[in-house]
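In case you want the letters, here they are:
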Amino acid sequence: MAQSLAKEFTKGLWAEIPPFRLVLGLCPVLAVTTKVENGLGMGIATTFVLVFSNLLVSLLRNIIPSKVRIACYIVIIATFVTIVELGMQALVYPLFLKLGIFIPLIVVNCIVLGRAEAFASKNGPVLAVADGLGIGIGFTLSLAALAAVRELLGAGTITIWNGVTIFEMGVNFQPFAFMVQAPGAFVALGLMLAGMNLIGKK
Amino acid sequence: MREMISMIVVLTVLTSVSGFLLSTVQSVTKEPIEIAILNIVQAPAIKEIFPEAENDPIAERFPIETENGPIKIFPAKLADGNTAIAFETKGKGGYGGDVGFMVGINLENDQIIATRVTTHSETPGFGARAKDDPEFVSQFAEKSMSDNLGLKSSGGSIDAMSGATVTSMAITLAVKEAQRLYKQLKPEILKQIK
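For clarity, every value in this text was computed on a predicted model and none was experimentally measured.

The rules behind the values
The numbering scheme is per chain: residues are counted from 1 as the chain's sequence reads. Chain A is the first chain written and ligand 1 is the first ligand written, with later ones labelled in order. The predicted nature of this model means local features are confined to residues of pLDDT at least 70 and side-chain atom pairs, given and counted, to a pLDDT of 80 or more, with totals for whole chains, interfaces and linings taken over all residues. Just so you know, side-chain values use all the structure's heavy atoms and leave hydrogens and water out. We treat two strands as partners when DSSP finds at least two bridges between them. A run of H or I in DSSP counts as a helix once it spans at least four residues, and a run of E counts as a strand once it spans at least two, with each numbered from the N terminus. All axes here are fitted lines through C-alpha atoms, helices being fitted over the stretch that makes contact, and every angle between N-to-C directions spans 0 to 180 degrees. For this analysis, residues touch if any pair of their heavy atoms sits within 4.5 Å. The term buried area refers to how much accessible surface (probe radius 1.4 Å) is lost by two components on association, counted for both of them together. Residues adjacent in sequence count toward polar contacts only when both atoms are side-chain atoms; beyond that, a polar contact is any pair of N or O atoms within 3.5 Å, and within protein one must be able to donate a hydrogen and the other to accept it. Each residue is assigned to one of three groups, with Ala, Val, Leu, Ile, Met, Phe, Trp, Tyr, Cys and Pro labelled nonpolar, Asp, Glu, Lys and Arg labelled charged, and all others, Gly among them, labelled polar. For the purposes of this section, nonpolar cores are sets of buried Ala, Val, Leu, Ile, Met, Phe, Trp, Tyr and Cys residues that join through side-chain atoms within 4.5 Å. Each residue is placed in one exposure class: buried if its accessible area under a 1.4 Å probe, protein chains only, is under 20% of its type's maximum, exposed if it is over 50%, and partly exposed if it falls in between. The rule is simple: put a 1 Å grid over the protein atoms alone, call a set of points where a 1.4 Å probe fits but cannot get out a cavity, call an open set with protein on both sides within 12 Å along at least five of seven lines a pocket, and count a residue as lining if it has an atom within 4 Å of a point. Grid points are joined across faces, edges and corners, and a volume is the space filled by probe spheres set on the points. The salt bridge definition used is simple: a Lys or Arg side-chain nitrogen within 4 Å of an Asp or Glu carboxyl oxygen. When an angle is under 35 degrees it counts as roughly parallel; over 145 it counts as roughly antiparallel; between 65 and 115 it counts as roughly perpendicular; any other value is oblique. Rotating anticlockwise by less than a right angle from the far helix to the near helix defines a left-handed crossing, while the corresponding clockwise rotation defines a right-handed one.

Trainee: Quick question: what am I supposed to make of the sheet that holds strand β3 (residues 83–94) of chain B here?
Mentor: Pairing between the strands of a sheet comes from backbone hydrogen bonds, and it takes one of two forms, parallel or antiparallel. Residues and elements named next belong to chain B. Strand order across the open sheet formed by 5 strands is β1-β2-β3-β4-β5, with antiparallel pairing between neighbours. Looking at strand neighbours, the two that pair on one side only are β1 (62–66) and β5 (111–117), the edges of this open sheet. Each neighbouring strand pair of the sheet contributes to a mean axis angle of 35°, computed without reference to strand direction. In this sheet, β5 lies alongside strand β4 (residues 97–106) in antiparallel orientation, the contact comprising 6 bridges. In the sheet register, Met102 faces β5, and the bridge partner there is Arg116. Along the sheet, helix α1 (residues 2–49) contacts β2 (69–77), β3, β4 and β5; its crossing angle with β5, the most-contacted strand, is approximately 140°.

Set out below in structure tokens:
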């Protein structure tokens, strides 16, 4: 049990890390990774939704009739997304302003629905939570890593939380503005995917 | 038949529980959200509009009923002894959604003192300049609340930002809404301030 628990948790961190291995949920991955703080905020919000939707789907897996299961999953996911949205507005309003529409869009993030359908509906609640937590943290780390590359090259800084900058390039640094615009997201993601495939090949 | 009933029951129960849960969360977070909007969005705009106010317009704010729900009025005592107010309206149809716009008005002569963009989701470098660069919004200063403050293309007196006509249009709509509300609410506001 403990072994499979650890396995379900760690698979989300490398073997099935969402944007790179599963290549899922790319819409927020490309859109919000202009700053590390946005990537982290988006990742944490998604993790919250993933853990609780996985838990509920798993607890209700024997009650939900299979013909209306997708509708039920969407109701559960949308509920938690709305809770996250209201909570973020109340607690971290500046971050909410930056992420804007991408918070409500977690409802249609294929990672969340994908884990509900592919994992939580077939496994017990403890494993489902471990899976949600693993995938969620993997997603957060991927967003932060991609955002770090883009922000460092595009703006010359790394901002982790609400204006707290942990790293800044020298005054001679010329920002590579392409990286913080939309096409830069595709290029950076493609290069990171290639890099991960190269490492994973052995 | 049994399957049909179980589908109906499960979905009904699930959506009801969800609705109940969300209404609870909504009522719990309502006040903190209002405070967050006040501190993070409205207060900085008020400070820029009334840099030399002799009172605290944010602490002395009061609500006034309109047909679309209450709006917050921020009263300010100016250095020359006159009273001014500021309130926020939404300009419909910006490039990325509604544009929130705070208008400060001198109650004595009905002139605009200053204006600021509060919330927006316009494109950085284009529409977002309305907030980042005060040049566009400074055109409204010292204009009368009864002037035609539309864009020049529609017979008004405001130059649109180049490359951001849609944003400029949304802001003039917000100003027109402010003019309409001001005309309608001024007697009530004067009563409240005295």
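Trainee: Teacher, can you tell me more about the interface of chain B and chain A here?
Mentor: Accessible area lost when the parts come together is the quantity often used to give the size of an interface. If you look at the interface, chain B gives 19 residues, while chain A gives 19 residues. Interface of chain B and chain A: buried area, both sides summed, is about 1700 Å²; carbon and sulfur atoms make up 87% of it. The tally of links from chain B across to chain A stands at 2 residue pairs in polar contact (both at pLDDT 80 or more). Residue classes in the side of chain B that touches chain A are distributed as 13 nonpolar, 5 polar and 1 charged.

Trainee: How should the nonpolar core be read in this particular structure?
Mentor: Within the largest apolar cluster, 54 residues are counted, with the highest numbers of intra-cluster contacts made by Met42, Val49, Met88, Leu99, Ile103 and Ile106 of chain A. Those elements that provide at least two residues to this core are α3 (26–31), α4 (36–59), α5 (69–91), α6 (93–99), α7 (110–118), α8 (125–154) and α9 (182–200) of chain A together with α1 of chain B. It is α5 of chain A that provides the largest number of residues to this core, a total of 12 residues. When residues no more than four places from it in sequence are discounted, the contact partners of Ile103 of chain A are Met42, Ala45, Val81, Val84, Glu85 and Met88 of chain A. Of all hydrophobic cores here, the second largest spans 32 residues; its members include Phe62, Phe101, Ile158 and Ala170 of chain B.

Trainee: Can you help me understand the layout of surface pockets in this one?
Mentor: A probe matching the size of a water molecule, rolled over the atoms, marks out where space remains unfilled. Volume-wise, the second largest pocket comes out at about 210 Å³. Together, 15 residues line the second largest pocket, and Leu56, Leu60 and Ile76 of chain A together with Leu14 and Val17 of chain B are the ones closest to its centre. Contributing elements (two or more residues each) for the lining of the second largest pocket: α5 of chain A together with α1 of chain B. Examining the composition of the lining of the second largest pocket, we find that 7 residues originate from one element, α1 of chain B, more than from any other.

Trainee: Please clarify how the pattern of salt bridges should be interpreted in this entry.
Mentor: Any two side chains of opposite charge can pair, given that their charged atoms come close. All names here are of chain B. Taken as a whole and assessed by the stated rule, the structure comprises 15 salt bridges over all chains. Here Lys186 makes a salt bridge to Asp110, at a shortest N to O gap of 2.9 Å. Of the two residues, Lys186 sits in helix α3 (residues 165–193) while Asp110 sits in the loop between β4 and β5, which places them 76 residues apart along the sequence.

Trainee: Help me understand the side chain of Thr167 of chain B, please; the structure alone is not making it clear to me.
Mentor: All names here are of chain B. Among the secondary structure elements, Thr167 is positioned in helix α3. Engagement of the side chain of Thr167 in a polar contact is seen with the side chain of Glu122, the distance being 2.7 Å. With sequence-adjacent residues up to four places away left out, Thr167 is seen in contact with Tyr95, Glu122, Gly127, Ala130 and Met161.

Trainee: How should I be thinking about the packing of α4 of chain A against α8 of chain A in this particular structure?
Mentor: Helix-helix packing is characterised by the crossing angle of the two axes and by the distance between the axes. All names here are of chain A. Contact geometry of α4 with α8 gives a least axis separation of 8 Å together with a crossing angle of 165°. For the element pair α4 / α8, the angle class is roughly antiparallel. Classified by chirality, the crossing of α8 by α4 is right-handed. A class-by-class count of the residues in the contact of α4 with α8 yields 19 nonpolar, 9 polar and 2 charged.

Trainee: Looking at this model, I keep getting lost on the pairing of β2 of chain B. Mind explaining?
Mentor: All names here are of chain B. Here β1 pairs with β2 via 5 bridges, running antiparallel. Within the sheet, the bridge partner assigned to Phe62 lies in β2 and is Ile73. Taken together, the 4 bridges between β2 and β3 define a ladder with antiparallel strand orientation. Within β3, the position partnered with Ala76 by the bridge is Ala84. The hairpin formed by β2 and β3 contains 5 residues between the paired strands, and Gly81 there has a positive phi angle of roughly 90°.

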